[in-house]
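Read off the chains here:
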Amino acid sequence: IQDLLSEPTLAGRRVLITAGGTREPLDPVRFLGNRSSGRQGVALAQAARDAGAQVTLIATHLEVPAPHGVALVHASSALELREAVFAHAEGQDALIMNAAVADFRPASIEGSKIKKRDEHSAPVIELVRNPDILAEVVSARGANDRLPPVVVGFAAETGDEQGTVLDYGKAKLARKGCELLVVNEVGANLTFGTDSNTIQVLFADGKPAVSAAGSKIEVARVVIEQLAAEINGHTA
Ligand code: CTP
Ligand code: CA
């Protein structure tokens, strides 16, 4: 009988985590990237490992080292990340999509370095949409019950005249169809590349949101604790 006061644990559970920021190739030497450092994803991998989970970390571009004690997989672009996620998702108890996935990629990758051809002209880069990996996993579950029953999304949001960070988070949770959405407020000096974070964990099942603030590892522990409760709820 589990002690009701004990912390939920991930012992014997398998958790797949994506971290960092994708790089979308433009030519052999250039890419379009983003400012994700991978710190929050690495902290999530540590916290899940410390909670007893068997962790697979799919690392895109990270500015920090990957933690010990996790299985590490590399992917660079959004298309590679999608391949890696689908290659590793079956049999996982949860997928945490923490990677900052580029919404767009260059429509074509030049085979050789783009050169300045004359004195003044500059190329126009055409972009196309990337697949929404999280939404694809959620919808693929309908035909494949080996895909993770719990999917966690992350959303960096800014509030504006049209709505608060929480309003945007709730709308995104509904749109994405995942079980949990971790929303954090971003701005010029918030979140990217720093060691602290303020988040709210939103639940698709209508459970009240849980807030947390602190270092990325402290925040990660709160997310993992909520994830453990969700996973244990799914198998109870
Ligand atoms: N995500 C994904 N594939 C994409 C884009 C996003 O899997 N092509 C995942 C992210 O890893 C994250 C969640 O979706 O867990 C939310 O990402 P976000 O960029 O906030 O959502 P978008 O639907 O891309 O909306 P926006 O237009 O606000 O960027
Ligand atoms: Ca996006």
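Residues numbered from 1 in each chain as written. Chains lettered and ligands numbered in written order. Predicted model: local features only at pLDDT ≥ 70, side-chain atom pairs only at ≥ 80, totals over all residues. Heavy atoms only, no water.

Caption draft 1: Quick peek at the UniProt feature "binding site: CTP" (unreviewed entry) in the chain. Look at the UniProt record and you will see "binding site: CTP" (unreviewed entry) annotated at Asp103, Lys113, Pro131, Asp132, Ile133, Leu134, Phe154, Lys172 and Lys176. Their sequence span is 74 residues, while the largest C-alpha to C-alpha distance among them is 38.1 Å; these annotated residues do not converge on one region. In the annotated group above, the largest pocket draws its lining from Asp103, Pro131, Asp132, Ile133, Leu134, Phe154, Lys172 and Lys176. Relative to the elements of secondary structure, Ile133 occurs in helix 3 (residues 133-140). Here Ile133 falls in the buried class, since its relative accessible area comes to 3%. If we ignore the near neighbours within four places in the chain, the residues touching Ile133 are Ala78, Leu81, Arg82, Val85, Met97 and Val101. Relative to the helices and strands, Phe154 resides in strand 9 (residues 150-157). Excluding its chain neighbours within four sequence positions, the residues that come into contact with Phe154 are Gln40, Leu44, Ile96, Met97, Asn98, Leu181, Val182 and Val223. (UniProt positions renumbered as here; feature names shortened; annotations may be inferred. 1 Å grid on protein atoms, 1.4 Å probe; cavity = no way out; pocket = protein on both sides within 12 Å on 5 of 7 lines; lining within 4 Å. Helix = DSSP H or I, 4+ residues; strand = E, 2+ residues; numbered from the N terminus. Buried < 20%, exposed > 50% of the residue type's maximum accessible area, 1.4 Å probe, protein only. Contact = heavy atoms within 4.5 Å.)

Caption draft 2: Region of interest: the site of ligand 1. Taken together, 13 residues lie near ligand 1, and Met97, Ala99, Pro131, Leu134 and Lys172 sit nearest. A distance of 2.6 Å is found between an oxygen atom of ligand 1 and a backbone nitrogen or oxygen belonging to Met97. A distance of 2.9 Å is found between an oxygen atom of ligand 1 and a backbone nitrogen or oxygen belonging to Phe154. Protein chains bury 76% of the 580 Å² of accessible surface belonging to ligand 1 in isolation. The site holding ligand 1 turns out to be the largest pocket. Counting only elements with at least two residues in the shell around ligand 1, the list comes to helix 3, strand 9 and helix 4 (165-176). Among the elements that take part in the shell around ligand 1, strand 9 stands out by supplying three residues, more than any other. In the shell around ligand 1, the residues fall into eight nonpolar, one polar and four charged. (Near = heavy atom within 4 Å. Polar contact = N/O pair within 3.5 Å; in protein donor to acceptor, adjacent residues only side chain to side chain. Areas by Shrake-Rupley, 256 points an atom, 1.4 Å probe, with all protein chains shown as cover. Sits in = over half its atoms within 2 Å of the grid points. Nonpolar A, V, L, I, M, F, W, Y, C, P; charged D, E, K, R; others polar.)

Caption draft 3: Expanded view of the coordination of the calcium ion (ligand 2). Distances from the calcium ion (ligand 2) to its protein donors, Asp103 (OD) and Asp103 (OD), fall at 2.4 to 2.5 Å. Locating Asp103 in the fold gives a position in the loop between strand 6 (94-97) and strand 7 (104-106). (Donors = N, O, S within 2.8 Å, 3.2 Å for Na, K, Ca; no water.)

Caption draft 4: Representation of the sheet that holds strand 11 (residues 196-203). If you trace the eight strands from one edge of the open sheet to the other, you get 5-4-1-6-9-10-11-12, paired in mixed fashion. The sheet is open, and its two borders are formed by strand 5 (71-74) and strand 12 (210-215), each paired with just one other strand. Each strand of the sheet is rotated relative to its neighbour by a mean of 20°, with strand direction disregarded. Relative to the sheet, helix 1 (residues 39-50) contacts strand 1 (14-19), strand 4 (54-59), strand 6, strand 9 and strand 11, its axis offset from that of strand 1 by approximately 165°. Across the sheet, helix 4 is in contact with strand 9, strand 10 (180-185) and strand 11; its angle to strand 10 comes to roughly 150°. (Pairing = 2+ DSSP bridges. Axes fitted to C-alpha atoms, helices over the stretch in contact; angles between N-to-C directions.)

Caption draft 5: Molecular detail of helix 4. Between its first and last C-alpha atoms helix 4 spans 16 Å; for twelve residues at 1.5 Å apiece the expected length is 16 Å, and the two agree. Listing the buried residues of helix 4 in full gives Val165, Gly169, Lys172 and Leu173. Buried residues of helix 4 fall within an arc of 105° about the axis and therefore sit on the same side. More than 90 degrees from the buried face of helix 4, the exposed residues found are Lys170, Ala174 and Arg175. Against strand 9, strand 10 and strand 11 lie the buried residues of helix 4. Looking one or two residues beyond helix 4, the residue adopting positive phi is Gly177, at roughly 80°. (Expected span 1.5 Å × (residues − 1). Arc of directions from axis to C-beta.)

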